[in-house]
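Here's the letter readout for the chains.
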Amino acid sequence: MALPVPPKTELDPPRALSAAEALTPLISSTYTSPDITFYLNGRRTILSNPNPHWTLLDYIRAQPNLKGTKLGCGEGGCGACTVVLQVPDVQTRGSEKRRVKHLAVNACLFPLLGIDGKHVITVEGIGSVEKPHPLQERIAKLHGSQCGFCTPGIIMSLYALVRNVYDPETQIFRLSERDIELEGHLDGNLCRCTGYKPILQAAKTFVTEDLKGKLAEETTGKDMKLEAEGVDLVQNGYGNTVKGSCGRPGGCCRDAPSDNSSTDSKSSTSTPPTEALSILDDEPIPANLGIKGDPLQDLSVSGAAYTKPMKNKENQLSDAEVKASTSLDALTMGSRDGLPKVQFKEYVPGTELIFPHALWKFEPKALCYGNEKKIWFRPTTLQQLVDLKDVYPSAKLVGGASEVQVEVRFKNSDFAVSVYVSDIPELKETKLPPDAELISAEEIVLAANTPLTELESICNEVYAKLGKRAMVLRALGKQLRCFAGRQIRNVASLAGNIATASPISDTNPVLVASGARLVARSKGKGSFQLPMSEFFVAYRTTTLPPDAIISHIRIPLPNSGSREVLKAYKQAKRKDDDIAIVTSSFRVRLDAGGNVKDICLVYGGMAPTTKEASKSKAALLGKKWLSSETLEAGLAALNTDFDLDYGVPGGMAHYRKTLALSLFFRFWHESAVDLELGKVDSQVINEIHRNISTGARDNYNPNEQRVVGKQVPHISALKQCTGEAEYIDDMPRQERELFGGLVLSSKAHANLVSVDWAPALEMRGVVGYIDRNSIPKEANVWGSIRKDEPFFAEDKVLHHGQVIGMVYAETALQAQAAAKAVKIVYEELPTILTIDEAIEAKSFFDHGKDLKKGAAISGTLSQAFAQCYRIFEGTTRIGGQEHFYLETNAALVIPSNEDGFMEVWSSTQNTMETQEFVSQVTGTPSSRINARVKRMGGAFGGKESRSVPFACYLAIAAKKEKRPMRLMLNRDEDMLLSGQRHPIQARWKVGVSKEGKLLALDADIYDNAGYSQDMSGAVMDRCITHFDNCYEIPHVFLRGHVCRTNIHSNTAFRGFGAPQGMYFAETIMYNISEGLGIDVDELRQRNLYKPGDWTPFFQKIDEDWHVPIILDQLRKSSEYERRKKSVADFNSKNRWKKRGICLVPTKFGLSFATALHLNQAGAYIKIYHDGSVLLHHGGTEMGQGLYTKMCQVAAQELGVPLDSIYTQDSQTYQIANASPTAASSGSDLNGMAVKNACDQINERLKPYREQFGKDAPLRTLVHAAYLDRVNLAANGFWKMPRIGYKWGDYDKETVKPMYYYFTQGAGVTEVELDLLTGDHTVLRTDLVMDVGNSINPAIDYGQIEGAFIQGQGLFTIEESLWTRSGELFTRGPGTYKIPGFSDIPQIFNVSMLRQDVDGKPLTWNHLRSVQSSKGIGEPPLFLGSAVFFALREAVKAAREMNGERVDGGWKLDSPATAERLRLAVGDDLARRAEVKRKEGETSFFVTVA
Ligand SMILES: Cc1cc2nc3c(=O)[nH]c(=O)nc-3n(C[C@H](O)[C@H](O)[C@H](O)COP(=O)(O)OP(=O)(O)OC[C@H]3O[C@@H](n4cnc5c(N)ncnc54)[C@H](O)[C@@H]3O)c2cc1C
Ligand code: FES
Ligand code: FES
């Protein structure tokens, strides 16, 4: 192979070239082909000598029509890049019944070379909007896609599953709901929007309905059995017995039959009437779902009957209507009597993509390609590999690449020679001996690069055949089930795990404990063995010689009859797809007398290597195993084996030690039970168990109108499911386009001594560089509220990751590499990271807003406190939260040759600010800047302001070069740069009466703003105006402070300070309850607002106050009181698990609070000659369904079907001065503006309606109007009336409300906590929200569920960590955990408040919003705190049992991580493991709340 000669200007030594020289003889003798041959979506493709830096994702996304596969993280942690590889099943090769396998893989990690001889299937390959795959259709129609960025990846994971379980011979599927949910097929996919429930429902109903009759018998029975094992969970929110019900709209085949089903319903199953629902009166009657048959067509929604106006309230399902041809976004959805109707395509397995015939005969060749920087080899035999390693020992072997590619991408590792080993049959194929030999086998020999999923099956298979003798494989299988995500397990290998030698490897402890040996091979030594117990010599260092490879792993099996037990345990931050905090494997062998003959206790996460506890071994050998002294000796010795320092790298010293003891404690008990040694407390053994999730929505909408109020799917849902929906980075490449790479500060606080970008400019493909010198000094400043932040760092950097400059180049990879080559010299300065440090240093931004009520106004608050029966005080903290929208910030700027005009595409919630600041930095009037956004892959507030600078950087460069510029941040850059939810601390004091009535509240509240203000002041305003939550307090003084620190600038995030404020309120309630001994629910009840009460911001609680009704209804529907008792009962009987239950209310104020000017919106409607309607409004679509709702409003008002309304994007050329889409007010503001535009048009069309009749087609009306020269375009506008609060106005007569209305709700959650590990599961959640008259209940349910799960994450597993030097450590899905599929409540019921206290339809006396709906995006998020408070109750029960304080003198800060929960239990194990802080020692990580 001829490698290109490197250009003279290249700086880095062309290492691959010298490697190539050494390898030339091998290349010319063996590796003669540079061609990768494969099929892509059914098409044969040959890639000759491709870019060696490309992963499979890079290649796919470079193809013009394959943008459905997304880049979400680039590290295998989100699943957005999932594609399916169709490969022959090696086990069936050569047999008559040869089979293919479908492997879901992460294209972002997968080596391009690895697709040789395979069939790559992307989301585009399985269906399109015209012809969707049934899975795509189902996810779209059952609301499983909101922003859509995760959707193609999730669909591909499901696709692989469905195809793998089909047997073409028998035409039977071996698939159950259990497989969908509990077997880890979706554990490598994340979704930040939906809360997973609708995705699971779509997938599970696909199994129970589409595949009905085609399922293997054992799979249909399996689920029922498992669910019967469940705990006290058999009721859904409506009292139904729902064993196994998936709770999907319309009921499920498992629901008990009912005679209450709708007369229109074709479904034979439905939900029975219940006691709980009797309070709601309206039963959750099933929707009408059909699979086959004629499509349901609701002409009010789709069908291009747009030429015909339609009456309000009519529900037309007439087949007589003719559907004109049009490209419609809206899916065909019917509706009748307030119930959604859904029609699905039939699934026909025979129509699926087949494995290309030619690939059966494919003969893999030894491949080699590359350039002067990097060369790839793909040997096809073990000998070729060994020869190659002999010639070039530093060649990097690549198996699944799940470690290697992460090193390349995030650790800047650059391997000159990479060798793909996963296609070498000797390495990837484990062959088990025939059963007769297996039974007596003394060892199992695994091929080193056997994919982990195959290994998991092998473990299960061998264990099934050998039973306890194969307990090591049982333990290995258990570890593998919780190892990474499915896409990684499908390709990653044991050899990769072993050779990486990570101290937190999950498999290495099992292998060491079992006494496994590695078989290595090199040319010089041939085949030789290495014992695993001696393999790991130092951090990521092993005894494997550089020229050797691992070929096999030999795992010994104990003799039958031997008294031996081997187990494995793992504890991580999140159950699925997470690296361990501590992982372990223990083996004990007893002699006939029950004494320890051999023992091996091996830990990961306790030392720089996988480590055996040698002192413990010595202490335990020869001891009688079933004896408390032995247990005691083991615990004591472990304490000395792992005597971690307080500041140990990786942190969590106390927790890790506690886990080390706790896991051993569990093993001791479990082994005693397994060996039947005698009676021990078997409750210790059980780990947290999870069932298939169920739940329901009260789907019936009594207020449904012709279009508004219908459960119409998101109008882009199907496009999102087929990959056709376009995000910024999917837009076609522009001519002469360049890509930006940001130059970021590597220090948190430092003087910039010098910045040398010359090395970057010399790199290949680099075109230029910009920084603060590229724009006038006065233009280098921006900010949403106050302009205090430079676009480019000036003389100082103020946080780690601050933007210093931008390099631009021909490709994104070149730009990113060049940005890293800019040489920066810093002079470091001291940092302030935490709120405590900021208070200490008095480091604040000017803010100075406070709230006073009652005695505080007259300065006599101390007197109010003096009247109190008790006073409680505390400091409470809540950490921040990363937005983790799946699409990172992206922008594309296209300059025009004329007049300085620029088209600025940005993934932004804020077109106006984007336009304003692009105008500023380019010196071009705003009128020449068209800022546009079609959709975002999630935003949650994170793109309200922080998106702005990226468009500006590109605009500066675009203006300079007169070329289009594009940028999409990598996940780590996005997390470093774009800020988070504010960590907040409250120092509070509250006074109460003897009965627990709140009398006086005084608090200082501090948010950690970071290095600039952004919206931190406004966040604080919302925080203090939600500090009351739902409770009346006569005397209040709240002072907000905004801390200036050296972290990224924190910003808006769903809830905007309110969840933190309400969290403080509820924490205070628990403190009072515990201090006074009053039940917390009773305490809440006594303090609830009543109509006529005044909030601390002087807003009167009006008659629309529904929290008391909600609480009442929820208590009944969730059977709260009964379950509270059963939780207490459970706790009294269980020593190692505790449950908690909690009911929290919420009230959330709607409006842009005190930013009065933002409470306005515009809309523009144009009706064309054919009667079709173009709608623009100022709102942006981030998955929340705003476009869908706005189209519904327009269709309703204009009397046309939904699909005659078209919304293309949001842009400043259509709507000037649009407010950001935020504060849950998108529908309120824009909806009213849309209505206003419709009103104008309707007024103008009135004479024509009179002339042609009310049923005349719109086309007829507008044609006549046009001929009469009537303006058929209307500009709508609306400003929110009534509001206008002014700080410091305490006059009840003159003060104006801060909020237009309150969205209200409540949630009940029950949890179970494992006291040994801190692990938990949410058993059940019931939510009720008052959303007014929902414009689209399906979208609103989605918002409620999604917000709840996001809130659950905020209050439990999501934790940002910084290093002491101010570097953000949690910068990707590997270190920052958001909830996954298996974190959602096992039962999850959601309903909307529909009836008042007397059971009459609810009315809102003061609600003046569009269609009387309420904003819902943010309000439910706080209900996620119910998980926190329920966990707090569980911990409290444990503390009571352990004799610890529970009277308010203890605290649990948010998030309630497994670490915090475990350590709060206050038991003996945690006390023994305590790590004392020595003089001068600091913790490894810093949390900044
Ligand atoms: C998102 C994510 C989640 C993860 N979760 C976990 C987890 O839960 N638990 C855990 O333990 N690990 C986890 N890992 C780490 C990683 O997946 C494992 O270490 C995996 O087993 C590596 O296998 P691989 O085949 O992909 O290795 P590769 O990345 O291909 O290679 C890793 C190393 O092994 C070497 N190597 C590969 N094959 C051989 C061979 N035959 N002989 C000698 N050397 C060889 C390579 O040269 C390289 O140095 C995770 C990684 C990611 C990206
Ligand atoms: S982009 Fe590949 S897993 Fe996230
Ligand atoms: S829909 Fe899943 S991330 Fe947005």
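Above: the structure in question.
Analysis parameters
- Residues numbered from 1 in each chain as written.
- Chains lettered and ligands numbered in written order.
- Predicted model: local features only at pLDDT ≥ 70, side-chain atom pairs only at ≥ 80, totals over all residues.
- Heavy atoms only, no water.
- Buried < 20%, exposed > 50% of the residue type's maximum accessible area, 1.4 Å probe, protein only.
- Helix = DSSP H or I, 4+ residues; strand = E, 2+ residues; numbered from the N terminus.
- Pairing = 2+ DSSP bridges.
- Salt bridge = Lys/Arg side-chain N within 4 Å of Asp/Glu carboxyl O.
- Contact = heavy atoms within 4.5 Å.
- Near = heavy atom within 4 Å.
- Polar contact = N/O pair within 3.5 Å; in protein donor to acceptor, adjacent residues only side chain to side chain.
- Areas by Shrake-Rupley, 256 points an atom, 1.4 Å probe, with all protein chains shown as cover.
- Nonpolar A, V, L, I, M, F, W, Y, C, P; charged D, E, K, R; others polar.
- Phe/Tyr/Trp six-rings, centres within 6.5 Å; stacked < 30°, edge-to-face > 60°.
- Lys NZ or Arg CZ within 6 Å of the ring centre and 35° of its normal.
- Axes fitted to C-alpha atoms, helices over the stretch in contact; angles between N-to-C directions.
- Parallel < 35°, antiparallel > 145°, perpendicular 65-115°, else oblique.
- Left-handed = near helix turned anticlockwise from the far one by under 90°.
- Core = buried A, V, L, I, M, F, W, Y, C linked by side-chain atoms within 4.5 Å.

Undergrad: Please clarify how the pairing of strand S48 (residues 1320-1330) should be interpreted in this entry.
TA: The side chains of a regular strand alternate, first on one face of the sheet and then on the other. Counting buried residues along S48, 11 of its 11 residues qualify, which places the element largely inside the surrounding structure. The sheet contact formed by strand S47 (residues 1301-1314) and S48 spans 10 bridges and is antiparallel. When the bridges of S48 are listed, Gln-1304 appears paired with Asp-1330. In sequence, S47 turns back onto S48 through a hairpin of five residues, with Gly-1318 there showing a positive phi of about 90 degrees. Bridge count between S48 and strand S50 (residues 1387-1392): six bridges; the pairing is parallel. Its bridge partner being in S50, Leu-1327 is matched across the sheet by Val-1390.

Undergrad: What is the right way to read the pattern of salt bridges from this model?
TA: Two side chains bearing opposite charge may form a pair once their charged atoms approach each other closely. Overall, the coordinates contain 90 salt bridges when judged by the stated rule. Ionic pairing is found between Lys-101 and Glu-454, a salt bridge with its closest N-O pair at 2.5 Å. Residue Lys-101 is located in strand S4 (residues 100-106), and its partner Glu-454 is located in helix H14 (residues 452-466); the two are separated by 353 residues in the primary sequence. Where Asp-576 meets Arg-481, a salt bridge forms, and the shortest distance between an N and an O atom there is 3.7 Å. A residue pair is termed long-range when its members are at least 10 positions apart, and Asp-576 in the loop between strand S21 (563-572) and strand S22 (580-590) and Arg-481 in helix H15 (residues 471-481) qualify at 95 residues. Arg-481 carries the same exposure label as Asp-576, and that label is buried. Members of the salt-bridge network, linked through shared partners, are Glu-564, Arg-587, Arg-589, Asp-598, Glu-612 and Lys-617.

Undergrad: Which parts of the structure should I look at to understand the sheet that holds strand S26 (residues 750-756)?
TA: Hydrogen bonds along the backbone pair up the strands of a sheet, which may run parallel or antiparallel. Spatially, three strands are ordered S28-S26-S30 in an open sheet, and the strand pairing comes out antiparallel. Each edge of the open sheet carries a strand with a single partner, namely strand S28 (796-797) and strand S30 (823-828). The sheet contact formed by S26 and S28 spans two bridges and is antiparallel. Directly across from Asn-751, in S28, lies its bridge partner Lys-796.

Undergrad: Help me understand the environment of His-1035, please; the structure alone is not making it clear to me.
TA: One can find His-1035 in strand S40 (residues 1035-1044). Taking the C-alpha atoms as reference, His-1035 lies 6.9 Å from Leu-861; in sequence the two are 174 residues apart. Residues contacting His-1035, with those up to four places away along its chain left out, are Lys-853, Gly-854, Ala-855, Leu-861, Ala-864, Leu-999, Ala-1000 and Leu-1001.

Undergrad: So what exactly am I meant to see when it comes to the site of ligand 1 here?
TA: Close to ligand 1 lie 33 residues; Lys-396, Leu-397, Gly-399, Ser-402 and Ser-493 are nearest. Take Ala-401: an N or O atom from its main chain is 2.9 Å from an oxygen atom of ligand 1. The contact in question runs from a nitrogen atom of ligand 1 to an N or O atom on the backbone of Ile-550, over 2.9 Å. Look at ligand 1: alone it shows 980 Å² of surface, and the protein chains cover 93% of it. The leading source of residues in the shell around ligand 1 is helix H17 (residues 494-500), at five residues. Taken together, the residues of the shell around ligand 1 break down into 16 nonpolar, 10 polar and seven charged.

Undergrad: Looking at this structure, how should I read the side chain of Thr-924?
TA: Note on placement: Thr-924 falls in the loop between helix H27 (911-922) and strand S36 (929-933). Here Thr-922 takes part through its side chain, which lies 3.1 Å from a polar atom of the side chain of Thr-924. Discounting residues that sit within four places of it in the chain, Thr-924 has contacts with Gly-900, Ser-919 and Ile-929.

Undergrad: Can you walk me through the packing of aromatic side chains in this structure?
TA: Aromatic rings in a pair are described by how distant their centres are and how their planes are angled relative to each other. Tallied over the entire structure, the rule returns 48 aromatic pairs. Their ring planes at 35 degrees and their centres at 4.6 Å tell us that Tyr-166 and Phe-173 sit as a pair that is tilted. A relative accessible area of 18% places Tyr-166 in the buried class. An aromatic cluster is built from Phe-1027, Tyr-1063, Phe-1064, Tyr-1070, Phe-1355, Phe-1422, Phe-1428 and Phe-1429, whose rings are joined through pairwise contacts. The ring of Tyr-885 has Lys-943 sitting right over it, with the charged end atom 4.4 Å from the ring centre. For the cation-ring pair, Arg-1135 lies above Trp-1136, with the distance from its terminal atom to the ring centre recorded as 5.1 Å.

Undergrad: I keep staring at unusual backbone geometry and nothing clicks. Help me out?
TA: Residues other than glycine predominantly adopt negative phi, and peptide bonds predominantly adopt the trans conformation. The step from Ser-1454 to Pro-1455 runs through a cis peptide bond, and the omega angle for that step is 5 degrees. The topology assignment puts Pro-1455 in the loop between helix H39 (1425-1441) and helix H40 (1458-1464). Unlike most non-glycine residues, Ser-1151 shows phi in positive territory, near 140 degrees. Here Ser-1151 is to be found in the loop between strand S41 (1137-1150) and strand S42 (1160-1167). Here Ser-1151 falls in the buried class, since its relative accessible area comes to 0%.

Undergrad: Quick question: what am I supposed to make of the environment of Ser-533 here?
TA: Examined against the element boundaries, Ser-533 turns out to sit in the loop between strand S17 (526-531) and strand S18 (536-538). Classification of Ser-533 as exposed rests on a relative accessible area of 52%. Distance from Ser-533 to Arg-517, taken between C-alpha atoms, is 8.2 Å for residues 16 residues apart in sequence.

Undergrad: It is not clear to me how the packing of helix H4 (residues 134-141) against helix H7 (residues 197-210) should be interpreted in this structure. Could you clarify?
TA: Two numbers describe a pair of packed helices, the interaxial angle and the distance between the axes. Between H4 and H7, the least distance of the axes is 9 Å, while the angle of their chain directions is 130 degrees. If you check the angle between H4 and H7, you find them oblique. Note that H4 runs across H7; the crossing there is right-handed. Note on element contacts: H7 touches H4 through Ile-199, Ala-202, Thr-205, Phe-206, Glu-209 and Asp-210, opposite Pro-134, Leu-135, Arg-138 and Ile-139. Looking at the contact of H4 with H7 residue by residue, the class counts come to six nonpolar, one polar and three charged.

Undergrad: I keep staring at helix H30 (residues 1016-1024) and nothing clicks. Help me out?
TA: Structural remark: α-helix, 3.6 residues per turn; residues separated by three or four positions point the same way. Across the nine residues of H30, eight count as buried, placing the element largely inside the fold. Considered for burial, the residues of H30 that qualify are Ser-1016, Gly-1017, Val-1019, Met-1020, Asp-1021, Arg-1022, Cys-1023 and Ile-1024. In this fold, the buried residues of H30 make contact with strand S32 (850-853), strand S38 (984-992), strand S39 (998-1010), S40, helix H31 (1058-1076) and S41.

Undergrad: How should the pairing of strand S43 (residues 1173-1177) be read in this particular structure?
TA: In terms of burial, S43 is largely enclosed, as five of its five residues are buried. In S43, alternate side chains face the same way, and those of Val-1173, Leu-1175 and His-1177 on one face and Leu-1174 and His-1176 on the other are all buried. Where S42 lies against S43, five bridges are found, and the strand directions are antiparallel. Residue pairing in the sheet places Ile-1165 in a bridge with Leu-1175 of S43.

Undergrad: Just to check I follow, could you spell out the environment of Ile-785 for this structure?
TA: Within the secondary structure, Ile-785 is located in the loop between strand S27 (766-771) and S28. Taking the C-alpha atoms as reference, Ile-785 lies 51 Å from Ser-1126; in sequence the two are 341 residues apart. If we ignore the near neighbours within four places in the chain, the residues touching Ile-785 are Asp-1014, Met-1015 and Ala-1018.

Undergrad: Would you mind going over the nonpolar core with me for this structure?
TA: As a rule of thumb, nonpolar side chains are buried together in soluble globular proteins. Counting 262 residues, the largest nonpolar core has Leu-742, Ile-1005 and Ile-1165 as its most contacted members. Considering each element in turn, this core owes the most residues, 10 residues, to helix H28 (residues 948-961). What Ile-1005 contacts, discounting residues up to four positions off in sequence, is Ile-984, Gln-985, Ala-986, Met-1020, Cys-1023, Ile-1024, Phe-1027, Leu-1038, Arg-1039, Gly-1040, His-1041 and Phe-1064.

Undergrad: Help me understand the sheet that holds strand S14 (residues 417-420) in this model?
TA: Strand order across the open sheet formed by four strands is S11-S12-S14-S13, with mixed pairing between neighbours. Strand pairing shows two members of the sheet lacking a second neighbour, strand S11 (367-370) and strand S13 (396-398), which therefore form its edges. Within the sheet, the average angular offset between the axes of one strand and its neighbour, ignoring direction, is 20 degrees. Bridge count between strand S12 (residues 375-378) and S14: three bridges; the pairing is parallel. Of the residues in S14, the one forming a bridge with Phe-377 is Val-419.

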